[in-house]
Amino acid sequence: MKDLTKKIFWTSIVSTIAILIFGALLFTFPETVIKSITIALAVIFIAVGIIPIINYFRFRSSGISTTFGFMMGVFCIIVGLILLMNENILNIIIPIITGVWIIINAINRIAIAMDLRDLKVGIWSITLIYAIITLVIGVLLILDPVNGGKLVTKTVGVIIMCYSMLDLVELILVRLKVKAVVSTVKNEVKKIIEEE
């Protein structure tokens, strides 16, 4: 049991450090990381596309193959090739999608602020100001996706690093607490045995 607990602890430490390193890479080299992710996705799409095409020709004579699988295979390969030829495409797509999401969220917040105003809730103006600021940020992400992409990627990197550091501290504190509890239990068991 002790070995299993130790193994789980060290596995958690290693995975947390790996996530911390990934966050640091996102923050330090946002374009390179996104480009690498784009290439990896392209390879995955191409590999996923090749399998149904091979199966189509392999099982075509037996009547088992489907045209749909063939078409999906071709589609996946085309998407993979587009990603390979446009390595920076995610640097543009991610901020645009993020910008659209932020704008939708901001419009919803504006509606909430108006509802709060109608209900005479005092914080409606703060909600409105926050909504307008986020609306502007969403629009800026869409208007300048390249710089917005760097900002989004760096922000995600910082969030991942913070999460990893907190997770690391928590793991160490839990480990110390478990050691203290185990030590206390051992001492109590030892006292009980000595009293008998």
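All of these numbers come straight from a predicted model, not from anything done at the bench.

**Things to note about the overall build of the protein**
A tally of regular secondary structure across the protein gives 6 helices and 0 strands. The order of α-helices and β-strands along the protein, N terminus first, is α-α-α-α-α-α. For 196 residues, the compact-globule estimate of 2.2 N^0.38 gives 16 Å, and the protein exceeds it by more than 25% at 27 Å. The principal-axis extents of the C-alpha atoms in the protein amount to approximately 80 × 70 × 35 Å. For the protein, the proportion of its 196 residues judged to be buried stands at 24%. Surface accessibility of the protein: about 13,700 Å² in total, with carbon and sulfur atoms responsible for 75%. Charge-centre separation for the protein: the mean point of 17 positive side chains lies 6 Å from the mean point of 12 negative side chains.

**Some details on the environment of Gly99**
With respect to the helices and strands, the residue Gly99 is situated in helix 4 (residues 89–118). When the C-alpha positions of Gly99 and Leu143 are compared, they lie 9.0 Å apart, and in sequence the two are 44 residues distant. Residues within four places of Gly99 in sequence aside, it is in contact with Gly138, Leu141 and Ile142.

**What to know about the pattern of salt bridges**
Applying the stated criterion across every chain, the model contains 3 salt bridges. Measuring nitrogen to oxygen at the nearest pair gives 3.2 Å for the salt bridge that ties Glu31 to Lys150. Of this pair, Glu31 sits in helix 2 (residues 30–59) while Lys150 sits in helix 6 (residues 145–195), placing them 119 residues apart in sequence. Across the pair Lys191 and Glu188 runs a salt bridge whose closest N-O atoms are separated by 3.9 Å. Here the residue Lys191 and the residue Glu188 both occupy positions in helix 6, the gap between them amounting to 3 residues, near one helical turn. Since its relative accessible area comes to 40%, Glu188 is described here as partly exposed.

**As for the confidence of the model for the protein**
Detail in the predicted coordinates should be disregarded across regions flagged by low pLDDT. Averaged over every residue, the pLDDT of the protein is 87; the share at 70 or more is 96%. For the protein, the element scoring lowest by mean pLDDT is helix 1 (residues 2–28), at 84; helix 3 (residues 67–85) scores highest, at 92.

**Describing helix 2**
Spanning 30 residues, helix 2 covers 44 Å between terminal C-alpha atoms, matching the ideal 44 Å at 1.5 Å per step. Buried within helix 2 we find Pro30, Val33, Ile34, Thr38, Ala42, Ile46, Gly49, Ile53 and Tyr56.

**Observations regarding the packing of helix 2 against helix 3**
In contact at an axis separation of 7 Å, helix 2 and helix 3 are set at 155° when each is read in the N-to-C sense. Between helix 2 and helix 3, the angle falls in the class roughly antiparallel. Classified by chirality, the crossing of helix 3 by helix 2 is left-handed. Taken together, the residues of the contact of helix 2 with helix 3 sort by class into 19 nonpolar, 6 polar and no charged.

**A word on the packing of aromatic side chains**
What characterises a pair of aromatic rings is the spacing of the ring centres plus the angle enclosed by the ring planes. Following the criterion strictly, the structure yields 3 aromatic pairs and no others. Aromatic side chains Phe57 and Phe70 sit 5.8 Å apart centroid to centroid with 90° between the ring planes, which places their arrangement in the edge-to-face category. Of this pair, Phe57 sits in helix 2 while Phe70 is found in helix 3, placing the two residues 13 residues apart along the sequence. Overall, the relative accessible area of 24% leaves Phe70 in the partly exposed class. The side chain of Arg117 reaches across the aromatic face of Trp124, ending 5.8 Å from its centre.

Conventions we followed
Residues numbered from 1 in each chain as written. Predicted model: local features only at pLDDT ≥ 70, side-chain atom pairs only at ≥ 80, totals over all residues. Heavy atoms only, no water. Helix = DSSP H or I, 4+ residues; strand = E, 2+ residues; numbered from the N terminus. Rg over C-alpha atoms; globule rule 2.2 N^0.38 Å. Buried < 20%, exposed > 50% of the residue type's maximum accessible area, 1.4 Å probe, protein only. Areas by Shrake-Rupley, 256 points an atom, 1.4 Å probe, with all protein chains shown as cover. Lys, Arg positive; Asp, Glu negative; His and termini not counted. Charge placed at Lys NZ, Arg CZ, Asp CG, Glu CD. Contact = heavy atoms within 4.5 Å. Salt bridge = Lys/Arg side-chain N within 4 Å of Asp/Glu carboxyl O. pLDDT = per-residue confidence, 0-100. Expected span 1.5 Å × (residues − 1). Axes fitted to C-alpha atoms, helices over the stretch in contact; angles between N-to-C directions. Parallel < 35°, antiparallel > 145°, perpendicular 65-115°, else oblique. Left-handed = near helix turned anticlockwise from the far one by under 90°. Nonpolar A, V, L, I, M, F, W, Y, C, P; charged D, E, K, R; others polar. Phe/Tyr/Trp six-rings, centres within 6.5 Å; stacked < 30°, edge-to-face > 60°. Lys NZ or Arg CZ within 6 Å of the ring centre and 35° of its normal.

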